[in-house]
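Here is how the chains run, residue by residue.
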Amino acid sequence: QTATDIQNWIYLACILSVAGAALINVGNTPATAWCKVIGYILCGLAIAAASYALYLAIADLGIKYGQGWLATIYGIGAAIAGVAAIAAITGNAAKAVLTNTLWVAGAAAVISLVGGMLGSDLF
């Protein structure tokens with residue numbers, strides 16, 4: 001696994017958490033309850049993607065390749081992406097949850113980009 005692969009997992013987690021939060025917000029009526037179910041599934045997949053990115057950051061970059069700083073940056077990005085997914089799946093269906101999720105997902109994407117600039121070409 002390379003740093004670019006970890007970055008892609010973080011991006012996937014960000015996208016899934018934002019999409020999941022949007023669907024959870026839409027699914028407030030009985031006719032759109034299926035949107036809420038799909039939103040929960042997407043948030044669960046976002047948690048899984050962020051967890052896998054965190055594992056790869058620690059196991060591959062940190063331990064296998066000895067890139068401690070790069071592993072830290074990608075680990076923070078993966079953790080923020082996981083927090084975004086958790087905020088989307090456990091929050092209520094108010095606009096504030098979607099807004100907070102967008103901010104946290106955006107911060108995860110920025111941290112992932114900084115990590116990409118620092119050393120994704122090292123491998």
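Note that the coordinates shown come from a computational prediction; the quantities given were computed from them, not determined experimentally.

Trainee: What exactly am I supposed to notice about the overall build of the protein here?
Mentor: In terms of regular secondary structure, the protein is built from four helices and zero strands. When the helices and strands of the protein are listed from N to C terminus, the series reads α-α-α-α. A total of 123 residues make up the protein; the buried ones form 38% of that total. Considering only intrachain contacts with a sequence separation of at least 6, the fraction spanning at least 24 residues in the protein is 74%.

Trainee: I tried to follow the packing of aromatic side chains on my own but got confused; where do I start?
Mentor: Describing an aromatic ring pair means giving the distance of the ring centres and the angle of the ring planes. With the rule as written, the count across this model stands at two aromatic pairs. One aromatic cluster in this structure is built from Trp 9, Tyr 52 and Tyr 55.

Trainee: How do you make sense of the environment of Gly 62 when you look at a structure like this?
Mentor: Position of Gly 62 relative to the elements: it lies in helix H2 (residues 33-64). Classification of Gly 62 by relative accessible area gives partly exposed; the value is 26%. Between the C-alpha atom of Gly 62 and that of Gly 75, which follows or precedes it by 13 residues, the distance is 9.6 Å. The contacts of Gly 62, once residues within four sequence positions are left out, are Ala 57, Gln 67 and Ala 71.

Trainee: Help me understand helix H1 (residues 3-26), please; the structure alone is not making it clear to me.
Mentor: For H1, which comprises 24 residues, the first-to-last C-alpha distance of 35 Å matches the rise-based estimate of 34 Å (1.5 Å per residue) to within 8%. Listing the buried residues of H1 in full gives Ala 3, Ile 6, Gln 7, Ile 10, Ala 13, Cys 14, Leu 16, Ser 17, Gly 20, Ala 21, Ile 24 and Asn 25.

Trainee: Teacher, can you tell me more about the packing of H1 against H2 here?
Mentor: Packed helices, taken two at a time, are described by the angle their axes make and the gap between the axes. The geometry of H1 relative to H2 is characterised by a closest axis approach of 7 Å and an angle of 160° between their N-to-C directions. Accordingly, the angle class assigned to the pair H1 and H2 is roughly antiparallel. In the crossing of H1 with H2, the sense of the turn from one axis to the other is left-handed. Taken together, the residues that form the contact of H1 with H2 break down as 26 nonpolar, three polar and one charged.

Thresholds applied
- Residues numbered from 1 in each chain as written.
- Predicted model: local features only at pLDDT ≥ 70, side-chain atom pairs only at ≥ 80, totals over all residues.
- Heavy atoms only, no water.
- Helix = DSSP H or I, 4+ residues; strand = E, 2+ residues; numbered from the N terminus.
- Buried < 20%, exposed > 50% of the residue type's maximum accessible area, 1.4 Å probe, protein only.
- Contact = heavy atoms within 4.5 Å.
- Phe/Tyr/Trp six-rings, centres within 6.5 Å; stacked < 30°, edge-to-face > 60°.
- Expected span 1.5 Å × (residues − 1).
- Axes fitted to C-alpha atoms, helices over the stretch in contact; angles between N-to-C directions.
- Parallel < 35°, antiparallel > 145°, perpendicular 65-115°, else oblique.
- Left-handed = near helix turned anticlockwise from the far one by under 90°.
- Nonpolar A, V, L, I, M, F, W, Y, C, P; charged D, E, K, R; others polar.

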